[in-house]
Amino acid sequence: MAAAAPDCTLVIFGARGDLAKRLLVPALYNLETAHRLPKAFHIVGVDHGDCDDERLRKDLGAFLRELASDKNSEFGAAKIDARAWSALAKTMRYQKGDFEDAATYAALAKTLGDRSAIFYLAAAPRFFGPIVDQLGKAGLTHEGKGVFRRVVIEKPFGDDLASAKALNTRILKVLGEPQIFRIDHFLGKETVRNIMAVRFANGVFEPLWNRLHVDWVEITAAETVGVEKRGGYYDHAGALRDMTPNHLFQVLAMMAMEPPNSFDPEAVRAEKGRLIEAIAIKTREQALRDSVRGQYTAGTVGRRKMVAYRDSRNVDPKSNTETYVALKLNIDNWRWAGTPFYLRTGKALKARQTQAVIRFKRAPHTLFQALEPAQRPGANSLVVRIQPNEGLSLLFDVKKPGPEELNLAEVGMDFRYAETFGAAPATGYETLLYDCMTGDQTLFKRGQDIEFAWAAVMPFLEAWKGAGEPCFYKAGSEGPAEAERLMIRSGRAWRPLPS
């Protein structure tokens, strides 16, 4: 069992918001049950609205119990341990304050004194720069002997290359790079972190993980939910900005990066950065040819009827914002030259599934020429399931039993985390919060890596301007037919979403 983190105070800007309620507090609860929180730990929730300590604890506790009763939530706990929640709740206090008012930070300074602190920016992105500026002006970023001050910045980190560069420049005037933790909760998920172990610890995989043996790689992040209450944000951002330069590219980096010299944070982050920097920059014509943007119409997801995106709250009725995107990318380095990487993400799809698939090249068919084409050996696949049903599957061909002539069938060797190790409740934030408390930046992004990601995404954003309506797909489907054709053009196909 990992040791408890060093003593500190966690200051959450936006403590009454959805992120804090749905993910941060559940993660802190899970850390409490695992005895990994500091012995002297305090939470200060800062927000604009009227509230007090007791109401904050009551509201967060009620929401936590609601999450525990929802089997589809990311929380994972089946019930709440009263002792653990009581211990966590006692650490909480509330401070009302305007994020751009110096008085808010003066009050924080009195509360913190000379204790170590982590400032978590769970607020709207427009406040990221102002909050960091005010922390600096109030002297709250100063570190002394045995005292650390760190800032956690959520996504989206900018909404294009120019704004990401501007935000990096702004915060680096106040903070040193070791104080900045640019978070992506996908990197806290066990199966994402396990990718490095699978790749580099197994002689059966490591020699094959390159352009000589891999036909293509696909990464999928499919959601069954629509835009829900995020229409105002989402209609500006869209699926590409919301998911691709952060979540999808981070999984891509783990799947494709070179082996680091060690597990030192800077060694790992350097290799991830080199991989993202190596993504080929598309021309406008290439970006249009190698991308599909879709938008869902009314339909049924499971048993739930869903209105069309354009009919959602706070969405322009004539909006061309994409709720689905599929991309074909290439990586300009020795390991992956000529191997395409296909990425897709979308809302209101038939199943919730985040996974990465390595599709190996087919074996020569000389021995199987007498078989019908459909019966010949297929391409082997390694499927990394990130969520749900976290685990790995290796798919390969075997002979069907029986005395008749040779017939092949695809079978799978399946590993599931829950079955092998037991299902530990996790949102993905537990590891990241703990690492921030201990100062480990391995799973956090560098500023230049974010800029590399935006540089690769910008050609698609620019090419889509004035490109007309997106491709429409029915809610509850696998997405637009055009995404299938993106693969078919090169004789490939997406791995189907589960039914």
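Above this text sits the structure in question.
Residues numbered from 1 in each chain as written. Predicted model: local features only at pLDDT ≥ 70, side-chain atom pairs only at ≥ 80, totals over all residues. Heavy atoms only, no water.

Asker: So what's going on with the packing of helix H8 (residues 231–256) against helix H13 (residues 447–464)? Which residues, and what values?
Answerer: Interaxial distance between H8 and H13 falls to 10 Å at its minimum, and their mutual angle equals 150°. Relative to H13, the element H8 lies roughly antiparallel. The chirality of how H8 crosses H13 is right-handed. Contacts from Leu-240, Arg-241, Thr-244, Pro-245 and Phe-249 in H8 reach Ala-453, Trp-454, Ala-456, Val-457, Phe-460, Leu-461 and Trp-464 in H13. (Axes fitted to C-alpha atoms, helices over the stretch in contact; angles between N-to-C directions. Helix = DSSP H or I, 4+ residues; strand = E, 2+ residues; numbered from the N terminus. Parallel < 35°, antiparallel > 145°, perpendicular 65-115°, else oblique. Left-handed = near helix turned anticlockwise from the far one by under 90°. Contact = heavy atoms within 4.5 Å.)

Asker: Before we move on, can you summarise the nonpolar core with the specific residues and values?
Answerer: Among the nonpolar cores identified, the biggest contains 145 residues, and Phe-13, Leu-28, Phe-119, Tyr-120 and Phe-249 are the most heavily contacted of them. With 12 residues, the single largest contributor to this core is H8. Those residues in contact with Phe-13, other than ones at most four positions away along the chain, are Val-46, Phe-99, Tyr-105, Leu-108, Phe-119, Tyr-120, Leu-121, Ala-122, Ala-123, Ile-131 and Leu-135. (Core = buried A, V, L, I, M, F, W, Y, C linked by side-chain atoms within 4.5 Å. Buried < 20%, exposed > 50% of the residue type's maximum accessible area, 1.4 Å probe, protein only.)

Asker: Can you break down the environment of Asn-314 residue by residue, with the values?
Answerer: Along the chain, Asn-314 falls in the loop between strand E10 (304–306) and strand E11 (324–329). Residue Asn-314 is classed as exposed on the basis of its relative accessible area, which comes to 54%. Beyond its immediate sequence surroundings of up to four residues, Asn-314 is in contact with Gly-231, Gly-232 and Asp-235.

Asker: So what's going on with the sheet that holds strand E7 (residues 214–222)? Which residues, and what values?
Answerer: With mixed pairing, the 9 strands of this open sheet are ordered in space as E16-E15-E14-E13-E7-E12-E11-E8-E17. Edge positions in the sheet fall to strand E16 (408–416) and strand E17 (471–474), since each of these pairs with one other strand and no more. When the angles between neighbouring strand axes are averaged without regard to direction, this sheet yields 20°. Relative to E11, strand E8 (residues 291–297) runs antiparallel, the two being bridged by 4 bridges. Counterpart to Gly-294 in the pairing with E11 is Tyr-324. Sheet contacts for H8: E7, E11, strand E12 (341–346), strand E13 (353–360) and strand E14 (381–387); angle to E12, the most-contacted strand, approximately 140°. Along the sheet, helix H14 (residues 481–488) makes contact with E7, E8, E11, E12 and E17, crossing E11 at roughly 10°. (Pairing = 2+ DSSP bridges.)

Asker: I'd like a description of the pairing of E13, backed by residues and values.
Answerer: Of all 8 residues in E13, 7 are buried; the element is thus mostly enclosed. With 8 bridges joining them, E7 and E13 adopt antiparallel strand pairing. Residue pairing for E13: Ala-221 is matched across the bridge by Thr-354. Both E13 and E14 contribute to a ladder of 6 bridges, which runs antiparallel. What sits directly across from Val-357, in E14, is Val-383.

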